[in-house]
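Read off the chains here:
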Amino acid sequence: MMRAVILGAGRGSRMGNLSDDRPKCLVELEGKPLIERQIAALRRGGVDRIGVVRGYRAETIDFPDLTYFANERWAETNMVASLAAAAAWLRTGPVIVSYGDIFYRSGLVRGLAGAPGQLTVSYDRDWRRLWTRRFADPLADAETFRIDAAGQLIEIGSKTTRIEDIEGQYMGLFKFTPPAWSAAEALLGTLDRTVRDRLDVTGLLRRLLTARSVPIGTFGTDGQWGEIDNPEDLALYRDMVRDGELLLEDALSDRELNPR
């Protein structure tokens, strides 16, 4: 059985008034909330059970047949605290974890679910195409992402001025197994509470790499996904859909999604 957890506790203050009355994961892309797109992609990708970590305006995230976790301290903490709220699942079986502000296709979910290894992160090999559209200077936002010849992650999440240091864009979609989460919990137990509260996932991955406590594999894709940080991102994706550059999964046929 494959389970998935969506980290949906955050407000997303950079979304302006779009997130005044709802968490960021409920912001709509082409008429559908991001979380609905995630749920559909996860289920179509073979996930059996889906959980959501709620925080800001928790009552607005209310979908049937889901399991809910709570990050009561969402306003004071970062993404790792939301991840830890789902520890009961992470300790007992493999779990795909999704940020709440991204969208992706079911094929990526299926591939990530089948990838070997204790901890696997997805990444976009074709990242420059999207980042050039989102930012005047792609290096102003992008961070290091380097892998070795075997596809193992060797660096992530540092600032760089060299495009050669970025072999892909970390997507916010990854898979933990119980041994990997055990290593993460052990590492988190060594940190001061203030440091833990501020820790994001790339920071956790970077610390795990430094500790060499668990190998981190990678699973690559080529575009057809996105993250939404601000209203300008929404406008960009709308334009990309209109111009045929971005094909959202709900606009594709079963034949297109599962070519034979």
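The preceding data block contains the structure.
Computed from a predicted model, the values in this text were never measured in an experiment.

The rules behind each value
- Throughout, residues of each chain are indexed from 1 in the direction in which the sequence is written.
- Residue-level local features of this predicted model are given only where pLDDT is at least 70; pairs of side-chain atoms are given and counted only at 80 or more, and the full residue set underlies all totals for whole chains, interfaces and linings.
- Excluded from the side-chain calculations are hydrogens and water; all other atoms, namely the structure's heavy atoms, are used.
- Only runs of H or I of at least four residues qualify as helices and only runs of E of at least two qualify as strands under DSSP, and these elements are numbered from the N terminus.
- The globule rule used here is 2.2 Å times the number of residues to the 0.38 power, and the radius of gyration it is set against is calculated over C-alpha atoms.
- Burial status follows relative accessibility: with a 1.4 Å probe on protein chains alone, a residue under 20% of its type maximum counts as buried, one over 50% as exposed, and anything between as partly exposed.
- Between two residues, a contact is recorded if the distance between any of their heavy atoms is within 4.5 Å.
- In short, Shrake-Rupley with a 1.4 Å probe defines the accessible areas, and a residue's cover is counted only from the protein chains shown.
- Positive charges are assigned to Lys and Arg, negative charges to Asp and Glu, while His and the chain termini are left out of the count.
- Charge positions are represented by NZ for Lys, CZ for Arg, CG for Asp and CD for Glu.
- Here, a strand pair is defined by DSSP locating no fewer than two bridges between the strands.
- Lines fitted to C-alpha atoms define the axes, with helix axes restricted to the stretch in contact, and inter-axis angles between N-to-C directions lie between 0 and 180 degrees.
- Arc definition: directions from the helix axis to the C-beta atoms.
- Residues enter a nonpolar core if they are buried and are Ala, Val, Leu, Ile, Met, Phe, Trp, Tyr or Cys, with the set joined through side-chain atoms within 4.5 Å.
- Oblique is the label for every angle not falling under 35 degrees (roughly parallel), over 145 degrees (roughly antiparallel), or within 65 to 115 degrees (roughly perpendicular).
- Helix crossings fall into two classes, left-handed where the near helix is turned counterclockwise from the far one by less than a right angle and right-handed where it is turned clockwise.
- Each residue gets one of three labels, nonpolar for Ala, Val, Leu, Ile, Met, Phe, Trp, Tyr, Cys and Pro, charged for Asp, Glu, Lys and Arg, and polar for the others, Gly among them.

Go over the overall build of the chain, please, and point to the residues and values.
When its secondary structure is counted, the chain shows 10 helices and 13 strands. Relative to a compact globule of 260 residues, whose C-alpha radius of gyration would be 18 Å, the chain shows 17 Å and is just as compact. Seen through its principal axes, the chain has C-alpha atoms that stretch 50 × 45 × 40 Å. A total of 260 residues make up the chain; the buried ones form 51% of that total. When contacts within the chain are restricted to residue pairs at least 6 apart in sequence, those whose partners lie at least 24 apart make up 71%. When the accessible surface of the chain is totalled, it reaches about 12,200 Å², and 46% of it is carbon and sulfur. Once the 35 positive and 38 negative side-chain charges of the chain are each reduced to a mean point, those two points are 3 Å apart.

Any chance you could break down unusual backbone geometry for me, citing the residues and the numbers?
The backbone of R212 sits at a positive phi, close to 55°, despite the residue not being glycine. Residue classification places R212 among the exposed positions, given a relative accessible area of 77%. Within the chain, Q224 stands out as a residue other than glycine whose phi angle is a positive 60°. Along the chain, the position of Q224 falls in the loop between β12 (217-221) and β13 (226-227). By relative accessible area, which is 28% here, Q224 ends up partly exposed.

Now, about the sheet that holds strand β5 (residues 67-70): what can you tell me, with residues and values included?
One open sheet accounts for seven strands, arranged β5-β4-β1-β6-β11-β8-β12; its pairing is mixed. The sheet is open, and its two borders are formed by β5 and β12, each paired with just one other strand. Each strand of the sheet is rotated relative to its neighbour by a mean of 25°, with strand direction disregarded. Inspection of the sheet shows strand β1 (residues 3-8) paired to strand β4 (residues 49-54) by six bridges, in the parallel sense. Directly across from G8, in β4, lies its bridge partner R54. On the sheet, helix α4 (residues 106-114) packs against β6 (95-99), β8 (119-124), β11 (169-176) and β12 and is oriented at approximately 50° with respect to β11.

Residues and numbers for helix α5 (residues 127-134), please.
If you check which residues of α5 are buried, you get W127, L130, W131 and R134. All buried residues of α5 lie within an arc of 95° about the axis, which places them on one face of the element. For α5, the exposed residues lying more than 90 degrees away from the buried face are R128 and R129. At its buried positions, α5 is contacted by β8, β11, β13 and α9 (231-242).

For the nonpolar core, give the residues involved together with the corresponding values.
With 80 residues, the main nonpolar core has F176 and L204 as its most contacted residues. In terms of residue count, the dominant contributor to this core is helix α6 (residues 178-188) (six residues). Not counting chain neighbours up to four residues away, the residues in contact with F176 comprise L83, L90, G93, P94, V95, Q118, L119, W181, A184 and L204.

So what about the packing of α5 against α9? Which residues, and what values?
Relative to each other, α5 and α9 sit at 120°, their axes nearing to 10 Å. Relative to α9, α5 is oriented oblique. At the point where α5 passes α9, the crossing takes the right-handed sense. On α9, the residues touching L130, R133 and R134 of α5 are D233, L236, Y237 and M240. For the contact of α5 with α9, the class distribution of residues is four nonpolar, no polar and three charged.

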